[in-house]
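Summary of structural features
The chain contents come next:
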Amino acid sequence: MAVETVRVGLEERAYDILIGSGVRERAAELAYGRLLTVTDSEVDERYGEWIDTVIGADFKFIFPAGEASKTPVTVIDICRYAALEKYDRKSCFVAVGGGVVGDMTGFAAAIYMRGVRFVQIPTTLLAMVDSSVGGKTGVDIPEGKNLVGAFHQPQLVLIDPDFLKTLPGREIRCGLAEIVKTAMILDAELFAELERDPAGLVDAADFGRMARIIRRCCELKAAVVAEDEREAGLRAILNYGHTFGHAVEMLSGFSISHGEGVAIGMCAAAELAVASGTLSRAEADRQKALLQAVGLPVSLSRRFAVDKVVDVMGRDKKSADGRIKVVTVDRIGHAAVGQPPLEAIAAAVEAIYA
Ligand SMILES: NC(=O)c1ccc[n+]([C@@H]2O[C@H](COP(=O)([O-])OP(=O)(O)OC[C@H]3O[C@@H](n4cnc5c(N)ncnc54)[C@H](O)[C@@H]3O)[C@@H](O)[C@H]2O)c1
Ligand SMILES: [Zn+2]
């Protein structure tokens, strides 16, 4: 497959996203000084040898896989490891893994010696279509997800769909949640393409189709980021489903994954929009049907009390002057941002109980 390039147009911080089967081999050519690879235990188990031979970094930092590792402590450990091994300001960190690896490696790169370069080599679908692009880096604290972080753009993103061959179905579905999100807020055509054969997306066997979808998502996200790098306005639409989703993720103690939380969150956001008369029931149902067809959850279990969900949402960093900022869509492919009354939010949560 040919290598496709998507440019993230950020002037002096501009960079390329290279997408294509085999593109990971370009990691052998990275010329950004001394390299420190960061990965997690599961990725290292599968790709450790590849990392060692192709990237050939001097050192590799490995942490236990999972969201629970995404803490300030792990980031400081990466920095301490770099300091111990005498990495200087001209070094470069290389993230090989999913969103957890990418978010933490980027954050470590943002703060180590007040900033070193970093490269993203995403290995999950979610990281390929979303987290590896755009320069948002950070960690979770007990008070909330991603509450501590920095904007720090990578030098380069290498997206190789071949990594998906070993990715479990549950993780593929998490990536699909972000893909549906992107389509809902920005691209009705992409949405229709997903509807064409949703089940076929889950086994990700059609790599050509998946690569085209990944490329489209990167293009769409790159355009939003180029217009609003630091989320002064437009970029907030990428949080569609996330304000509800983060709350559900947190309340479940992360047994509900990010992608699953986002899927449930998009359903709540759609209910909110239908109730306020901005989205048609038919389009809300199309979203629900697509999410169901790829095997994502579309409802919430009773064990999460409505007021708890709303309370955690209020603590989310997207809230402004006490009101909760919520992204909705008014039609498929077109987002809207509002600050609905708390009662309307509570009613939307109520509406998605199983
Ligand atoms: N920075 C952003 O803009 C942004 C956007 C969206 C999500 N995120 C963050 O991304 C994180 C979620 O990312 P994720 O879903 O990739 O989770 P993850 O990084 O935890 O990866 C999921 C699991 O898949 C394993 N894995 C990774 N690649 C594999 C492969 N090729 N084969 C087999 N197993 C593999 C990992 O070891 C892990 O156990 C969340 O913390 C979320 O907040 C950030
Ligand atoms: Zn997300």
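Residues numbered from 1 in each chain as written. Chains lettered and ligands numbered in written order. Predicted model: local features only at pLDDT ≥ 70, side-chain atom pairs only at ≥ 80, totals over all residues. Heavy atoms only, no water.

Under an unreviewed UniProt entry, the name given to the protein chain is 3-dehydroquinate synthase, and the source organism is Victivallis vadensis. If you open the UniProt record of the protein chain and go to Sequence similarities (unreviewed entry), you find "Belongs to the sugar phosphate cyclases superfamily. Dehydroquinate synthase family." The UniProt entry for the protein chain carries this comment under Pathway (unreviewed entry): "Metabolic intermediate biosynthesis; chorismate biosynthesis; chorismate from D-erythrose 4-phosphate and phosphoenolpyruvate: step 2/7." (UniProt positions renumbered as here; feature names shortened; annotations may be inferred.)

Our focus in this paragraph is the packing of helix H2 (residues 72-84) against helix H3 (residues 99-111). It is the contact of H2 with H3, at a shortest axis distance of 9 Å, that shows an interaxial angle of 55°. The angle between H2 and H3 places the two elements in the oblique class. For the pair H2 and H3, the sense of crossing is right-handed. Of the residues in H3, those touching H2 at Thr 74, Val 75, Ile 76, Ile 78 and Cys 79 are Met 104, Phe 107, Ala 108 and Ile 111. A class-by-class count of the residues in the contact of H2 with H3 yields eight nonpolar, one polar and no charged. (Axes fitted to C-alpha atoms, helices over the stretch in contact; angles between N-to-C directions. Helix = DSSP H or I, 4+ residues; strand = E, 2+ residues; numbered from the N terminus. Parallel < 35°, antiparallel > 145°, perpendicular 65-115°, else oblique. Left-handed = near helix turned anticlockwise from the far one by under 90°. Contact = heavy atoms within 4.5 Å. Nonpolar A, V, L, I, M, F, W, Y, C, P; charged D, E, K, R; others polar.)

Looking now at the domain arrangement of the protein chain. Domain parsing of the protein chain yields domain 1 (4-166) and domain 2 (169-351). Here the C-alpha centroids of domain 1 and domain 2 sit 25 Å apart. Facing 33 residues of domain 1, the contacting portion of domain 2 comprises 31 residues. Where domain 1 abuts domain 2, roughly 2900 Å² becomes buried across the two surfaces, and 68% of that area is made up of carbon and sulfur atoms. Contact with domain 2 buries surface across domain 1, with Leu 125, Val 129 and Lys 145 losing the most and accounting together for 22% of the total. At the junction of domain 1 and domain 2, the tally comes to six salt bridges. The salt bridge involving Asp 130 is made with Lys 221; its shortest N-O contact spans 2.6 Å. Applying the counting criterion to the domain 1 and domain 2 interface returns nine residue pairs in polar contact (both at pLDDT 80 or more). Those elements that provide at least two residues to the side of domain 1 that touches domain 2 are strand E1 (4-8), strand E2 (15-19), helix H4 (125-131), strand E7 (136-141) and strand E8 (144-151). The element contributing the most residues to the side of domain 1 that touches domain 2 is H4, with six residues. Taken together, the residues that form the side of domain 1 that touches domain 2 break down as 16 nonpolar, six polar and 11 charged. (Domains from an automatic or database assignment. Buried area = accessible area lost by both parts, 1.4 Å probe. Salt bridge = Lys/Arg side-chain N within 4 Å of Asp/Glu carboxyl O. Polar contact = N/O pair within 3.5 Å; in protein donor to acceptor, adjacent residues only side chain to side chain.)

When the UniProt feature table is mapped onto this chain, "binding site: Zn(2+)" (unreviewed entry) is found at Glu 178, His 242 and His 258. Of the residues just listed, which span 81 residues, no C-alpha pair is farther apart than 9.9 Å, and they cluster in one region. Positionally, Glu 178 belongs in helix H5 (residues 169-186). Apart from the residues lying within four places of it in its own chain, the contact partners of Glu 178 are Leu 126, Val 129, Asp 130, His 242, His 258 and Val 262.

Here we come to the pairing of strand E6 (residues 117-122). Burial runs high along E6: five of the six residues are buried. Regarding the hand of the β-α-β motif, the stretch spanning strand E5 (residues 92-97), H3 and E6 is right-handed. When E6 meets strand E9 (residues 156-159), the two strands line up parallel, connected through two bridges. If you follow Gln 120 over to E9, its bridge partner there is Val 157. (Buried < 20%, exposed > 50% of the residue type's maximum accessible area, 1.4 Å probe, protein only. Right-handed = clockwise from strand over helix to strand, strands pointing away. Pairing = 2+ DSSP bridges.)

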